[in-house]
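Each chain is listed here by its residues.
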Amino acid sequence: RARKLALSFFKKIKKFLKKLLTKLTKCVIINTERERGRDTMINIRIMTIDDYDGIRSLWLKNHETVTNAIDDSRDGIEKYLNRNPTTSFVAENNGKIIGTIMAGHDGRRGFFHHVFISPDYRGKGIGRKLVDNAMNALENEGITKVALVAFTDNELGNGFWDKMGFTIREDL
């Protein structure tokens, strides 16, 4: 059974979004923690179909849930990105994709899919940055609400969405 979550982010995060100084294609997170004796730079950028092999590998290697063979095929992802060319993002470290968010809309409401961070990079603010970039991109397209579905047994994911300010909609 899936939990349906939704949020009117416009009210709760509008102030934060105004503080974002970076453009969609040039958002960079600098992780000041040391990794193997050197600083790590995480780049967040718009997802393209050229990222497919990297995102698919990340999902299959780490996802607890099986991806959909049709919607998550190369053709399915390409259709989604063609429909939503500026709203989905990847996080990468040294060219390796370590996080994803697919965001799109139907003209009224935004939707998040495949929000995922590699376990080795969790807890470093990368998920928050991906969500912030996607929400900012949707806002630029006039979308003021976003919804997502999270599985009930996904305690880690549900905890993340709670911290992000999303609420459960029992009336859907």
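The coordinates are above.
Source: prediction; values computed, not measured. (Residues numbered from 1 in each chain as written. Predicted model: local features only at pLDDT ≥ 70, side-chain atom pairs only at ≥ 80, totals over all residues. Heavy atoms only, no water.)

**Student:** Is there a simple way to explain the packing of aromatic side chains in this structure?
**Tutor:** Enumeration over the complete set of coordinates arrives at four aromatic pairs. A ring pair is formed by Phe160 and Trp161, whose centres lie 4.9 Å apart and whose planes are at 70°; its orientation type is edge-to-face. For Trp161, a relative accessible area of 6% puts it in the buried group. Between Trp161 and Phe166, the aromatic rings sit 4.8 Å apart at their centres with planes inclined by 70°, giving edge-to-face as the arrangement. By way of ring pairs, the aromatic residues Phe112, Phe160, Trp161 and Phe166 are connected into one cluster. (Phe/Tyr/Trp six-rings, centres within 6.5 Å; stacked < 30°, edge-to-face > 60°. Buried < 20%, exposed > 50% of the residue type's maximum accessible area, 1.4 Å probe, protein only.)

**Student:** Would you mind showing me how to read the nonpolar core here?
**Tutor:** The nonpolar side chains of a soluble globular protein tend to be buried with one another. Residues Phe89, Phe112, Ile126, Leu130 and Trp161 are the most contacted members of the largest nonpolar core, which totals 25 residues. Counting residues per element, the ones that place at least two in this core are strand S3 (38–46), strand S4 (89–93), strand S5 (96–105), strand S6 (110–117), helix H4 (126–140) and strand S7 (146–151). Top element by residues in this core is H4. It accounts for seven residues. Ranked by size, the runner-up nonpolar core spans 13 residues in total, among them Ile49, Tyr52, Tyr80 and Phe116. (Core = buried A, V, L, I, M, F, W, Y, C linked by side-chain atoms within 4.5 Å. Helix = DSSP H or I, 4+ residues; strand = E, 2+ residues; numbered from the N terminus.)

**Student:** What am I meant to see in the pairing of S4 here?
**Tutor:** The side chains of a regular strand alternate, residue by residue, between the two faces of the sheet. For S4, a buried count of five out of five residues is recorded, marking the element as mostly surrounded by other parts of the structure. Of the two faces of S4, the one carrying Phe89, Ala91 and Asn93 and the one carrying Val90 and Glu92 are both buried. Pairing analysis gives five bridges linking S4 to S5, with the strands arranged antiparallel. Directly across from Ala91, in S5, lies its bridge partner Gly99. Remark: two residues form the turn of the hairpin made by S4 and S5, two consecutive strands paired antiparallel; Asn94 in that turn has positive phi of roughly 50°. (Pairing = 2+ DSSP bridges.)

**Student:** Explain the pattern of salt bridges here, please?
**Tutor:** Pairs may arise between side chains of opposite charge once their charged atoms sit close together. A full pass over the atoms with the stated rule returns three salt bridges. Ionic pairing is found between Asp51 and Arg45, a salt bridge with its closest N-O pair at 2.6 Å. In this pair, the class of Asp51 matches that of Arg45, namely buried. Notably, a salt bridge pairs Arg74 with Asp53, separated by 3.0 Å at the nearest N-O pair. Of this pair, Arg74 sits in helix H3 (residues 74–83) while Asp53 sits in helix H2 (residues 52–62), and the two are 21 residues apart along the sequence. By relative accessible area, Arg74 is classed as partly exposed at 37%. (Salt bridge = Lys/Arg side-chain N within 4 Å of Asp/Glu carboxyl O.)

**Student:** I tried to follow the packing of H4 against helix H5 (residues 155–163) on my own but got confused; where do I start?
**Tutor:** Contact pair H4 / H5: the axes reach a minimum separation of 11 Å and the direction vectors enclose 60°. With respect to H5, the element H4 is oriented oblique. For the element pair H4 and H5, the recorded crossing hand is right-handed. Note on element contacts: H5 touches H4 through Phe160, Trp161 and Lys163, opposite Gly127, Arg128 and Val131. The class makeup of the residues in the contact of H4 with H5 is three nonpolar, one polar and two charged. (Axes fitted to C-alpha atoms, helices over the stretch in contact; angles between N-to-C directions. Parallel < 35°, antiparallel > 145°, perpendicular 65-115°, else oblique. Left-handed = near helix turned anticlockwise from the far one by under 90°. Contact = heavy atoms within 4.5 Å. Nonpolar A, V, L, I, M, F, W, Y, C, P; charged D, E, K, R; others polar.)

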